[in-house]
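# Topology and contacts: notes
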Amino acid sequence: MQSKINNIEINGYNTQYADCHKEDKNFLLIKIPETAEYSFSDICGCIVANRLIKQVDYKTINNTRYIIAYY
């Protein structure tokens, strides 16, 4: 089953995310805009999409950068 893609604004950037679940982990997969600066990923401890982000990681899929935001 695919996750629904949602639009969101994070730190002044419009982007997209999906709420994902893998094994015992819940996370948001957030697309990093091409024009985003480092501050875009400063979301640990913040509430994003009604979720408290506890840890972040990064992944590149098909030359597109993503934040994996665990909640």
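In this text the structure is predicted, and so the values were computed from the model without any measurement.

The next thing to look at is the pairing of strand β3 (residues 25–31). Summarising the sheet, strand β2 (residues 13–22) and β3 pair through six bridges and their orientation is antiparallel. Pairing of D19 across the sheet is with L28, part of β3. Counted along the chain from β2 to the antiparallel partner β3, the turn is two residues long, and its residue E23 has a positive phi close to 55°. Relative to strand β7 (residues 64–70), β3 runs antiparallel, the two being bridged by five bridges. What sits directly across from I30, in β7, is I67.

On to the side chain of N6, then. You can see N6 is positioned in strand β1 (residues 5–10). Polar side-chain contacts of N6 include one of 3.3 Å to the backbone oxygen of K4. Those residues in contact with N6 that lie beyond four places of it in its chain are T15, Q16 and Y17.

All right, on to the sheet that holds β2 then. In spatial order, the strands read β1-β2-β3-β7-β6; together these five strands make up an open sheet with antiparallel pairing. Here the strands that pair on one side only, and so sit at the sheet edges, are β1 and β6 (55–61). Averaged over all adjacent pairs, the angle separating strand axes in this sheet is 35°, with direction ignored.

Scoring rules and cut-offs
- Residues numbered from 1 in each chain as written.
- Predicted model: local features only at pLDDT ≥ 70, side-chain atom pairs only at ≥ 80, totals over all residues.
- Heavy atoms only, no water.
- Pairing = 2+ DSSP bridges.
- Helix = DSSP H or I, 4+ residues; strand = E, 2+ residues; numbered from the N terminus.
- Polar contact = N/O pair within 3.5 Å; in protein donor to acceptor, adjacent residues only side chain to side chain.
- Contact = heavy atoms within 4.5 Å.
- Axes fitted to C-alpha atoms, helices over the stretch in contact; angles between N-to-C directions.

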